[in-house]
Amino acid sequence: MQRDVNMQSRHRNKFGLFALCVAMAVAAAACPVQAQETGAAGPQVQIYAEGNGFAVARNAVGGLVDIRGAGSYTEKIKVLITGPDRVVYQYVLPCDDQFYPFPLTAGAGDYHVAVYKNLYDNNYLCMLETKITLQAYTEAALYTAPNIQVPFAQGDAVQQKAAQLCAGTAGNQEKASAVLQFMTERYTYDYKLAEVVARNPDYRVNPQKLLEETSGVCLDFATLYCAMLRSQGVPCKLIFGYSDANYHAWVEYHDGGKWVREDPTCRICFQDSRSAGRYIENDSHYAPASYIY
């Protein structure tokens, strides 16, 4: 017997990002619909679980899992992934018969993956669930790969623009600086959009479309920056957490020796680049990451 669950977003903020309530994890773990392991579905795709028009499959990059939804679904579909750290990651799954990569960023261990269909309001029905055991992954591979939260593809506008900006640069730090300069010169913060995003917890960034715009909010800037760096082989993390009292999105890129915090929104909003730099370098302004993609 299938049972619906209620998903409540308890913590909203002006950036439109929200903390996930513990009740979601409990509901996911208790979902009675059990998916069946089916083995290989072809020479390139290993299916972990499938049913009700959904499939969960292995991604070639360690630390990612692919999920597909049938194009016949018109309801909102959500994916909940709970890792060994017990942090629940929630996503909206596009249903168009295509696989989308989802990150498993809590390290080696067991992950619970569940797919839900919206019934009405905040009530969802569990359609598929499975357990995935991640043995290990390489950070460099995971954080240079596209995923549902940081989308890009070889040859798309994001990759081409980043390649143009990074032409002639040497090393990750120079690439990061080149992309950052482009963004600080082009974009301004959109306070009206921030109010709209605050009412839409499922807001997703389209980096290719953002390249055509001249304004955005923190999630826009951090996502585009992350996608452009990854497309050039620079490991980069998209991070959600708190900057002072505000829920916020920023990045960390790997300069070849260590992870370096960068905050494109801060760079764009501060009129003085030195003041922005001092703010970003001061750990007291940034709480530990709530979510990493």
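What counts and what doesn't
Residues numbered from 1 in each chain as written. Predicted model: local features only at pLDDT ≥ 70, side-chain atom pairs only at ≥ 80, totals over all residues. Heavy atoms only, no water. Phe/Tyr/Trp six-rings, centres within 6.5 Å; stacked < 30°, edge-to-face > 60°. Buried < 20%, exposed > 50% of the residue type's maximum accessible area, 1.4 Å probe, protein only. Lys NZ or Arg CZ within 6 Å of the ring centre and 35° of its normal. Helix = DSSP H or I, 4+ residues; strand = E, 2+ residues; numbered from the N terminus. Lys, Arg positive; Asp, Glu negative; His and termini not counted. Salt bridge = Lys/Arg side-chain N within 4 Å of Asp/Glu carboxyl O. Polar contact = N/O pair within 3.5 Å; in protein donor to acceptor, adjacent residues only side chain to side chain.

Q: Help me understand the packing of aromatic side chains in this model?
A: Between two aromatic rings, the relevant description is the distance of the centres plus the angle of the planes. The tally for this structure, following the rule as stated, stands at 14 aromatic pairs. Here the aromatic rings of Tyr 279 and Tyr 286 are separated by 5.9 Å at their centres, their planes lie at 75°, and the arrangement is edge-to-face. The class of Tyr 279 is buried, set by a relative accessible area of 16%. One aromatic cluster is present, formed by Tyr 89, Tyr 91, Phe 102, Phe 240, Tyr 291 and Tyr 293 through successive ring pairs. Against the face of Tyr 187 rests Arg 186, its NZ or CZ located 5.8 Å from the ring centre. Taking NZ or CZ as reference, Lys 237 lies 4.2 Å from the ring centre of Trp 259, over its face.

Q: Sorry, what's going on with the side chain of Arg 230 here?
A: For Arg 230, the position within the fold is in helix H7 (residues 218-231). Look at Arg 230: it is buried, it has no salt bridge, and the nearest opposite charge is Glu 139 at 10 Å. Here the side chain of Arg 230 touches Ala 145 through a polar contact of 2.9 Å, landing on its backbone oxygen. A polar atom in the side chain of Arg 230 sits 2.8 Å from the backbone oxygen of Cys 236.

Q: Explanation requested: the environment of Ser 72 in the structure shown.
A: You can see Ser 72 is positioned in the loop between strand E5 (64-69) and strand E6 (77-82). C-alpha separation for the pair Ser 72 and Gly 53, spaced 19 residues apart in sequence, amounts to 8.4 Å.

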